[in-house]
Amino acid sequence: MQSRGKLYVVGIGPGDPELLTLKAKRVLEESEFILGHKTYVERIRYMVKGKIIESKMGEEVERVKKAVQLAKSHTVSLVSGGDPSIYGMASLVAEYVYSLGLDIDFEVIPGVTALCSASPLLGCAVSGDHAVVSLSDLLTPWEIIERRLRSALKGDFVVVIYNPSSRRRVDKLVKAMEIVLEIRGNVPIGVVKNATRSGEEVFITYPEDIMKDPSKIDMHTILFVSNSETMILNGKMITPRGYSRKYRW
Ligand code: SAH
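Residues numbered from 1 in each chain as written. Predicted model: local features only at pLDDT ≥ 70, side-chain atom pairs only at ≥ 80, totals over all residues. Heavy atoms only, no water.

Some points on the side chain of Ser80
Alright, step 1. Tracing the backbone through its elements, the reader meets Ser80 in strand S4 (residues 75-80).
Alright, step 2. A polar side-chain atom of Ser80 sits 3.1 Å from the main-chain amide nitrogen of Met89.
Alright, step 3. Residues contacting Ser80, with those up to four places away along its chain left out, are Val10, Gly11, Ile12, Gly88 and Met89. (Helix = DSSP H or I, 4+ residues; strand = E, 2+ residues; numbered from the N terminus. Polar contact = N/O pair within 3.5 Å; in protein donor to acceptor, adjacent residues only side chain to side chain. Contact = heavy atoms within 4.5 Å.)

Structure (C-alpha coordinates):
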(Lines give C-alpha, C1' and ligand atoms only; values in the text may rest on other atoms or scores of the structure.)
Protein backbone atom coordinates (compact mmCIF):
# COMPACT_ATOMS: atom_id res chain seq x y z
CA MET A 1 0.00 0.00 0.00
CA GLN A 2 1.27 3.47 -0.81
CA SER A 3 2.22 5.38 2.34
CA ARG A 4 0.04 8.40 2.94
CA GLY A 5 1.28 11.58 4.46
CA LYS A 6 -0.42 14.09 6.68
CA LEU A 7 -0.46 17.86 6.88
CA TYR A 8 -0.68 19.51 10.26
CA VAL A 9 -1.30 23.22 10.63
CA VAL A 10 0.29 23.80 14.01
CA GLY A 11 -0.37 26.71 16.36
CA ILE A 12 2.83 27.39 18.28
CA GLY A 13 1.43 29.93 20.74
CA PRO A 14 2.53 33.49 21.52
CA GLY A 15 6.20 32.90 22.36
CA ASP A 16 6.76 31.18 25.70
CA PRO A 17 7.78 27.58 24.81
CA GLU A 18 5.69 26.33 27.75
CA LEU A 19 2.61 27.70 26.03
CA LEU A 20 2.98 25.18 23.23
CA THR A 21 0.37 22.42 23.58
CA LEU A 22 1.49 18.84 24.18
CA LYS A 23 -0.10 17.90 20.88
CA ALA A 24 1.75 20.63 18.99
CA LYS A 25 5.01 19.44 20.54
CA ARG A 26 4.39 15.80 19.57
CA VAL A 27 3.36 16.64 16.02
CA LEU A 28 6.37 18.91 15.49
CA GLU A 29 8.70 16.20 16.81
CA GLU A 30 7.15 13.62 14.45
CA SER A 31 7.20 15.82 11.33
CA GLU A 32 9.57 15.07 8.48
CA PHE A 33 9.16 18.60 7.10
CA ILE A 34 8.44 21.82 8.95
CA LEU A 35 7.42 24.87 6.95
CA GLY A 36 6.84 28.39 8.16
CA HIS A 37 7.75 32.01 8.34
CA LYS A 38 11.29 32.32 9.66
CA THR A 39 10.38 34.07 12.93
CA TYR A 40 8.03 31.21 13.87
CA VAL A 41 10.37 28.47 12.69
CA GLU A 42 13.13 30.02 14.81
CA ARG A 43 11.06 29.44 17.95
CA ILE A 44 10.69 25.69 17.47
CA ARG A 45 13.95 24.88 15.71
CA TYR A 46 15.47 23.42 18.87
CA MET A 47 12.81 20.74 19.18
CA VAL A 48 12.40 19.40 15.64
CA LYS A 49 14.31 16.68 13.81
CA GLY A 50 12.74 17.10 10.37
CA LYS A 51 13.88 19.33 7.52
CA ILE A 52 13.00 22.98 7.98
CA ILE A 53 11.80 25.03 5.02
CA GLU A 54 11.60 28.75 5.83
CA SER A 55 9.81 31.40 3.88
CA LYS A 56 9.03 35.08 4.10
CA MET A 57 5.87 37.07 4.68
CA GLY A 58 3.83 37.39 1.51
CA GLU A 59 4.82 33.86 0.42
CA GLU A 60 1.95 32.13 2.23
CA VAL A 61 0.25 30.68 -0.86
CA GLU A 62 3.51 29.21 -2.16
CA ARG A 63 4.21 27.79 1.30
CA VAL A 64 0.81 26.08 1.42
CA LYS A 65 1.24 24.62 -2.08
CA LYS A 66 4.62 23.23 -1.11
CA ALA A 67 3.29 21.81 2.17
CA VAL A 68 0.35 20.14 0.43
CA GLN A 69 2.65 18.65 -2.18
CA LEU A 70 5.00 17.21 0.47
CA ALA A 71 2.09 15.97 2.60
CA LYS A 72 1.04 13.53 -0.13
CA SER A 73 3.69 11.16 1.16
CA HIS A 74 5.24 12.75 4.27
CA THR A 75 4.28 14.05 7.67
CA VAL A 76 4.41 17.81 7.35
CA SER A 77 3.88 20.67 9.81
CA LEU A 78 3.00 24.14 8.67
CA VAL A 79 3.60 26.39 11.66
CA SER A 80 1.48 29.39 12.51
CA GLY A 81 2.05 31.84 15.39
CA GLY A 82 -0.53 31.79 18.18
CA ASP A 83 -3.55 29.89 16.93
CA PRO A 84 -3.79 28.98 13.23
CA SER A 85 -7.49 29.90 12.99
CA ILE A 86 -7.00 33.47 14.23
CA TYR A 87 -5.42 35.48 11.39
CA GLY A 88 -3.31 32.41 10.73
CA MET A 89 -2.73 29.72 8.12
CA ALA A 90 -5.70 27.41 8.82
CA SER A 91 -8.25 29.07 6.54
CA LEU A 92 -5.83 29.35 3.65
CA VAL A 93 -5.06 25.61 3.80
CA ALA A 94 -8.76 24.71 4.10
CA GLU A 95 -9.73 27.01 1.22
CA TYR A 96 -6.96 25.66 -0.99
CA VAL A 97 -7.58 21.98 -0.21
CA TYR A 98 -11.41 22.07 -0.38
CA SER A 99 -11.75 24.40 -3.36
CA LEU A 100 -9.49 22.17 -5.43
CA GLY A 101 -11.05 19.01 -3.97
CA LEU A 102 -7.62 17.66 -3.03
CA ASP A 103 -7.36 14.29 -1.32
CA ILE A 104 -5.17 15.50 1.54
CA ASP A 105 -5.39 14.52 5.16
CA PHE A 106 -4.96 17.68 7.21
CA GLU A 107 -5.54 18.65 10.80
CA VAL A 108 -5.34 21.96 12.63
CA ILE A 109 -3.60 21.85 16.02
CA PRO A 110 -4.95 24.78 18.06
CA GLY A 111 -2.56 27.14 19.83
CA VAL A 112 -2.74 29.82 22.51
CA THR A 113 -3.73 32.98 20.67
CA ALA A 114 -2.23 36.40 21.51
CA LEU A 115 -5.48 37.53 23.14
CA CYS A 116 -5.41 34.70 25.72
CA SER A 117 -1.80 35.28 26.68
CA ALA A 118 -2.02 39.09 26.75
CA SER A 119 -5.32 39.64 28.60
CA PRO A 120 -4.01 38.21 31.92
CA LEU A 121 -0.84 40.30 31.67
CA LEU A 122 -3.04 43.40 31.88
CA GLY A 123 -5.15 41.97 34.70
CA CYS A 124 -8.24 40.48 33.13
CA ALA A 125 -9.03 42.66 30.14
CA VAL A 126 -11.33 40.08 28.56
CA SER A 127 -13.79 38.15 30.66
CA GLY A 128 -16.96 37.77 28.66
CA ASP A 129 -18.33 39.14 25.42
CA HIS A 130 -15.62 40.58 23.24
CA ALA A 131 -14.99 41.26 19.57
CA VAL A 132 -11.74 40.79 17.70
CA VAL A 133 -10.75 43.07 14.85
CA SER A 134 -7.55 43.21 12.82
CA LEU A 135 -6.48 46.57 11.40
CA SER A 136 -4.46 44.93 8.64
CA ASP A 137 -5.83 45.94 5.27
CA LEU A 138 -3.59 43.55 3.34
CA LEU A 139 -6.46 41.10 2.78
CA THR A 140 -9.51 43.08 3.99
CA PRO A 141 -10.51 46.48 2.57
CA TRP A 142 -10.33 49.33 5.11
CA GLU A 143 -14.06 50.19 4.71
CA ILE A 144 -14.98 46.71 6.02
CA ILE A 145 -12.50 46.97 8.91
CA GLU A 146 -13.88 50.36 9.87
CA ARG A 147 -17.49 49.16 9.71
CA ARG A 148 -16.72 46.15 11.92
CA LEU A 149 -14.74 48.26 14.41
CA ARG A 150 -17.61 50.76 14.68
CA SER A 151 -20.18 47.98 15.16
CA ALA A 152 -18.10 46.27 17.85
CA LEU A 153 -17.60 49.54 19.73
CA LYS A 154 -21.30 50.41 19.48
CA GLY A 155 -22.13 46.92 20.77
CA ASP A 156 -20.12 47.65 23.93
CA PHE A 157 -17.82 44.68 23.43
CA VAL A 158 -14.31 44.76 24.78
CA VAL A 159 -12.62 45.21 21.42
CA VAL A 160 -9.39 43.34 20.92
CA ILE A 161 -7.27 44.76 18.12
CA TYR A 162 -4.79 42.51 16.33
CA ASN A 163 -2.31 43.94 13.79
CA PRO A 164 -2.79 47.47 15.16
CA SER A 165 0.08 49.05 13.25
CA SER A 166 3.01 48.59 10.95
CA ARG A 167 5.50 50.97 9.43
CA ARG A 168 3.32 51.14 6.32
CA ARG A 169 0.02 51.98 8.01
CA VAL A 170 0.39 54.02 11.21
CA ASP A 171 -2.40 56.23 9.80
CA LYS A 172 -4.89 53.38 10.22
CA LEU A 173 -4.07 53.09 13.93
CA VAL A 174 -4.63 56.82 14.35
CA LYS A 175 -7.91 56.57 12.42
CA ALA A 176 -9.02 53.64 14.60
CA MET A 177 -8.30 55.68 17.74
CA GLU A 178 -10.37 58.58 16.36
CA ILE A 179 -13.24 56.13 15.97
CA VAL A 180 -12.80 54.84 19.54
CA LEU A 181 -12.79 58.44 20.79
CA GLU A 182 -15.93 59.26 18.79
CA ILE A 183 -17.94 56.21 19.90
CA ARG A 184 -16.61 55.35 23.38
CA GLY A 185 -14.68 58.44 24.48
CA ASN A 186 -11.13 58.62 25.86
CA VAL A 187 -11.40 55.20 27.56
CA PRO A 188 -8.48 53.11 28.86
CA ILE A 189 -6.74 50.94 26.29
CA GLY A 190 -4.64 47.99 27.42
CA VAL A 191 -1.47 47.52 25.39
CA VAL A 192 0.64 44.37 25.34
CA LYS A 193 3.74 44.12 23.18
CA ASN A 194 5.51 40.77 22.67
CA ALA A 195 3.38 38.88 25.20
CA THR A 196 5.34 36.04 26.87
CA ARG A 197 8.48 36.58 24.80
CA SER A 198 11.54 38.78 24.89
CA GLY A 199 10.69 42.48 24.65
CA GLU A 200 7.45 42.06 26.59
CA GLU A 201 5.81 45.38 27.54
CA VAL A 202 2.47 45.96 29.22
CA PHE A 203 0.82 49.31 29.83
CA ILE A 204 -2.47 51.15 29.87
CA THR A 205 -2.99 54.23 27.72
CA TYR A 206 -5.78 56.28 26.09
CA PRO A 207 -6.87 56.95 22.48
CA GLU A 208 -5.81 60.60 22.67
CA ASP A 209 -2.30 59.60 23.80
CA ILE A 210 -1.96 57.04 21.02
CA MET A 211 -3.08 59.68 18.50
CA LYS A 212 -0.40 62.05 19.79
CA ASP A 213 2.31 59.39 19.73
CA PRO A 214 1.47 56.18 17.88
CA SER A 215 5.11 55.06 17.82
CA LYS A 216 4.87 52.85 20.93
CA ILE A 217 2.48 50.51 19.14
CA ASP A 218 3.90 48.26 16.47
CA MET A 219 3.10 45.01 14.67
CA HIS A 220 4.06 42.92 17.73
CA THR A 221 1.40 44.59 19.86
CA ILE A 222 -2.20 43.77 20.74
CA LEU A 223 -4.73 46.30 22.09
CA PHE A 224 -7.74 45.91 24.37
CA VAL A 225 -10.33 48.70 24.22
CA SER A 226 -12.40 48.91 27.43
CA ASN A 227 -16.13 48.37 27.41
CA SER A 228 -18.46 50.34 29.68
CA GLU A 229 -17.79 47.97 32.59
CA THR A 230 -13.99 47.77 32.39
CA MET A 231 -12.24 49.19 35.47
CA ILE A 232 -8.66 50.04 36.35
CA LEU A 233 -8.06 48.48 39.77
CA ASN A 234 -4.68 48.88 41.37
CA GLY A 235 -3.12 49.56 37.96
CA LYS A 236 -4.71 46.47 36.42
CA MET A 237 -7.32 46.43 33.67
CA ILE A 238 -10.30 44.34 34.77
CA THR A 239 -13.54 43.70 32.94
CA PRO A 240 -15.85 42.10 35.49
CA ARG A 241 -18.07 39.21 34.49
CA GLY A 242 -20.84 40.33 36.81
CA TYR A 243 -20.17 38.36 40.02
CA SER A 244 -20.12 41.55 42.09
CA ARG A 245 -23.58 42.42 40.79
CA LYS A 246 -24.84 39.11 42.11
CA TYR A 247 -22.73 38.41 45.21
CA ARG A 248 -21.19 40.45 48.03
CA TRP A 249 -17.70 39.85 49.41
N1 SAH B 1 -2.39 33.68 14.76
C2 SAH B 1 -1.90 34.70 15.67
C3 SAH B 1 -2.19 36.10 15.17
C4 SAH B 1 -1.48 36.47 13.90
S5 SAH B 1 -1.80 38.11 13.40
C6 SAH B 1 -2.49 34.45 17.05
O7 SAH B 1 -3.39 33.62 17.19
O8 SAH B 1 -2.02 35.10 18.01
C9 SAH B 1 -0.40 38.95 14.10
C10 SAH B 1 -0.84 39.86 15.21
O11 SAH B 1 -1.10 39.10 16.38
C12 SAH B 1 0.20 40.86 15.65
O13 SAH B 1 0.18 42.02 14.83
C14 SAH B 1 -0.23 41.18 17.06
O15 SAH B 1 -1.33 42.06 17.04
C16 SAH B 1 -0.76 39.82 17.52
N17 SAH B 1 0.23 39.04 18.28
C18 SAH B 1 0.68 37.81 17.99
N19 SAH B 1 1.54 37.38 18.96
C20 SAH B 1 1.60 38.36 19.89
C21 SAH B 1 2.30 38.51 21.12
N22 SAH B 1 3.09 37.53 21.60
N23 SAH B 1 2.13 39.65 21.82
C24 SAH B 1 1.32 40.64 21.36
N25 SAH B 1 0.63 40.54 20.20
C26 SAH B 1 0.77 39.43 19.46
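Structure's up, so let's keep going.
A short note on the sheet that holds strand S1 (residues 6-11)
Alright, step 1. The five strands are arranged S3-S2-S4-S1-S5 in an open sheet whose pairing can be described as parallel. On the outer flanks of this sheet lie strand S3 (51-55) and strand S5 (106-109), each paired with one strand and no other. Averaged over neighbouring strand pairs, the angle between their axes works out to 20° when direction is ignored.
Alright, step 2. Across six bridges, the pairing between S1 and S4 is parallel. Residue pairing in the sheet places Val10 in a bridge with Val79 of S4.
Alright, step 3. The strands touched by helix H1 (residues 22-30) are S1, strand S2 (33-37), S4 and S5; relative to S1, the strand with the most contacts, the crossing angle is about 135°.
Alright, step 4. Here helix H3 (residues 60-70) sits on the sheet in contact with S1, S2, S3 and S4, set at roughly 170° to S2. (Pairing = 2+ DSSP bridges. Axes fitted to C-alpha atoms, helices over the stretch in contact; angles between N-to-C directions.)

Details of the packing of H3 against helix H4 (residues 90-99)
Alright, step 1. Running from amino to carboxyl end, H3 crosses H4 at an angle of 60°, the nearest separation of the two axes being 10 Å. Compared by their axis directions, H3 and H4 come out oblique. When you trace H3 past H4, the crossing you get is right-handed. Where H3 abuts H4, its residues Glu60, Val61, Val64, Lys65 and Val68 lie against Leu92, Val93, Tyr96 and Val97.
Alright, step 2. Taken together, the residues of the contact of H3 with H4 break down into seven nonpolar, no polar and two charged. (Parallel < 35°, antiparallel > 145°, perpendicular 65-115°, else oblique. Left-handed = near helix turned anticlockwise from the far one by under 90°. Nonpolar A, V, L, I, M, F, W, Y, C, P; charged D, E, K, R; others polar.)

A few points about the pairing of strand S9 (residues 189-193)
Alright, step 1. In terms of burial, S9 is largely enclosed, as five of its five residues are buried.
Alright, step 2. Neither face of S9 is open: one carries Ile189, Val191 and Lys193, the other Gly190 and Val192, and all of them are buried.
Alright, step 3. Both S9 and strand S10 (residues 201-205) contribute to a ladder of five bridges, which runs antiparallel. If you follow Lys193 over to S10, its bridge partner there is Glu201. (Buried < 20%, exposed > 50% of the residue type's maximum accessible area, 1.4 Å probe, protein only.)

Observations regarding the side chain of Arg169
Alright, step 1. Counting through the fold element by element, Arg169 comes out in the loop between strand S8 (158-162) and helix H7 (170-184).
Alright, step 2. When near neighbours in sequence (up to four residues on either side) are disregarded, Arg169 contacts Leu135, Ser136, Asp137, Asn163 and Pro164.

Observations concerning the packing of aromatic side chains
Aromatic ring pairs are defined here through the distance separating the ring centres and the angle between the ring planes.
Alright, step 1. This structure, assessed with the given rule, holds three aromatic pairs.
Alright, step 2. Judged by centre distance (5.1 Å) and plane angle (55°), the rings of Tyr87 and Tyr162 are tilted. You can see Tyr87 sitting in the loop between S4 and H4 and its partner Tyr162 sitting in strand S8, a full 75 residues away along the chain.
Alright, step 3. By relative accessible area, which is 44% here, Tyr87 ends up partly exposed.
Alright, step 4. When its relative accessible area of 10% is taken as the criterion, Tyr162 is described as buried.
Alright, step 5. Between Tyr98 and Phe106, the ring centres sit 5.8 Å apart and the planes meet at 50°, which makes this aromatic pair tilted.
Alright, step 6. With a relative accessible area of 17%, Phe106 lands in the buried category.
Alright, step 7. Its end group placed over the ring of Trp142, Lys172 keeps NZ or CZ at 5.6 Å from the ring centre. (Phe/Tyr/Trp six-rings, centres within 6.5 Å; stacked < 30°, edge-to-face > 60°. Lys NZ or Arg CZ within 6 Å of the ring centre and 35° of its normal.)

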